[in-house]
Each structure stands twice: as C-alpha cells, then as structure tokens.
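Commentary on secondary and tertiary structure
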Amino acid sequence: MASLESRIAKMEQAAAHVDLKAMTDDELLTYAGKFPMFSSEMYAAIVTLVLRRPSAFPVVYDDPDYESKDY
C-alpha cells in the first residue's frame, strides 16, 4: 500500500487542471520536465509546444495558401 503522502500527491495532481494553451514555451518545457519520461502529461506539453509552430511544408497541395508550382 502506498504511503499517505504519495496518495495525496497523486490525488492533487489528478485534481489540478492545467491550461497548456495559456502557458508560454518556457513554462511548457518546465512543465514537461516535471513528469517522468513517456508520461501522458509530458507528451501533452510537448505536443502543445510543437503544434504552436507552423509547418514549413504544405500539408496538401490544394491548400489555398500554397502557391501552385510545377514539380
């Protein structure tokens, strides 16, 4: 059986709602570093950070923002 302190810490962590979109890039990196590797919280922070950057490559060729070029 887990100790009372560790059970309380897990309950507090589960109850805490974190708004990842409102965090700055540095805050997201710090937040991701607080959790074990491969945890869902770490992945959520990293994915949020990556999705803030637009892709340099068009996703589809019929994108109206993409200039048509002959390839």
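Predicted model only: the values in this text are computed from it and were never measured.

Cut-offs used in this document
- Residue positions are counted from 1 within each chain, in the order its sequence is given.
- A pLDDT threshold of at least 70 governs which residues receive local features in this predicted model, and a stricter bar of 80 or more applies before side-chain atom pairs are shown or counted, although totals over entire chains, interfaces and linings include all residues.
- Side-chain metrics rest on all non-hydrogen atoms present in the structure, leaving aside hydrogens and water.
- Helix numbers and strand numbers start at the N terminus; a helix is a DSSP run of H or I with at least 4 residues, a strand a run of E with at least 2.
- Exposed residues in this analysis have more than 50% of their type's maximum accessible area, buried residues have under 20%, and partly exposed residues fall in between, with area computed by a 1.4 Å probe over protein chains only.
- In this analysis, two residues are considered to be in contact whenever any of their non-hydrogen atoms come within 4.5 Å of each other.
- Only the protein chains shown count as cover for residues, and the accessible areas themselves come from Shrake-Rupley with a 1.4 Å probe.
- An axis is simply a line fitted to the C-alpha atoms; with a helix, the fit covers only the stretch in contact. Between two such axes, the angle follows the N-to-C directions and lies from 0 to 180 degrees.
- Any angle that falls under 35 degrees is termed roughly parallel, while one over 145 is termed roughly antiparallel, one within 65 to 115 roughly perpendicular, and all others oblique.
- Each helix crossing is assigned a hand: it is left-handed if the near helix lies turned anticlockwise from the far helix by less than a right angle, otherwise right-handed if that turn is clockwise.
- Looking at any residue, its pLDDT shows the predictor's confidence there, from 0 to 100.
- Each Phe, Tyr or Trp ring (for Trp, its six-membered ring) is paired with any other whose centre lies within 6.5 Å, and the angle between the two planes then decides the class: stacked below 30 degrees, edge-to-face above 60, tilted in between.

Turning our attention to the overall build of the protein. The helix and strand inventory of the protein stands at three helices and zero strands. In the protein, the succession of helices and strands from N to C terminus is α-α-α. Classification of the 71 residues of the protein by burial places 17% in the buried group. A separation of at least 24 residues holds for 38% of the contacts in the protein among residues at least 6 apart in sequence. Approximately 6,400 Å² of the protein is accessible, and the part contributed by carbon and sulfur atoms is 61%.

This next bit is on the packing of helix H2 (residues 25-33) against helix H3 (residues 40-51). The contact between H2 and H3 brings their axes to 8 Å, and the two run at 160 degrees. Here H3 runs roughly antiparallel to H2, going by the angle between their axes. Regarding H2 and H3, the two cross each other, and that crossing is left-handed. Contacts between H2 and H3 pair Asp-25, Leu-28, Leu-29, Tyr-31 and Ala-32 from the former with Glu-41, Met-42, Ala-45, Ile-46, Thr-48 and Leu-49 from the latter.

What follows deals with the confidence of the model for the protein. In the predicted model, the protein carries a mean pLDDT of 80, and 76% of its residues have values of at least 70. Taken element by element, the predicted model of the protein shows its lowest mean pLDDT in helix H1 (residues 4-15) (76) and its highest in H2 (93).

Under the criterion given, the structure shown has two aromatic pairs. Arranged with centres 4.9 Å apart and planes meeting at 70 degrees, the rings of Tyr-31 and Phe-35 form a pair that is edge-to-face. For the pair Tyr-31 and Phe-35, a shared accessibility class is recorded, and that class is buried. Centre to centre, the rings of Phe-38 and Tyr-43 are 6.5 Å apart; their planes meet at 40 degrees, and the pair counts as tilted. Assessed through its relative accessible area of 61%, Phe-38 is described here as exposed. Overall, Tyr-43 belongs to the partly exposed group, its relative accessible area being 43%.

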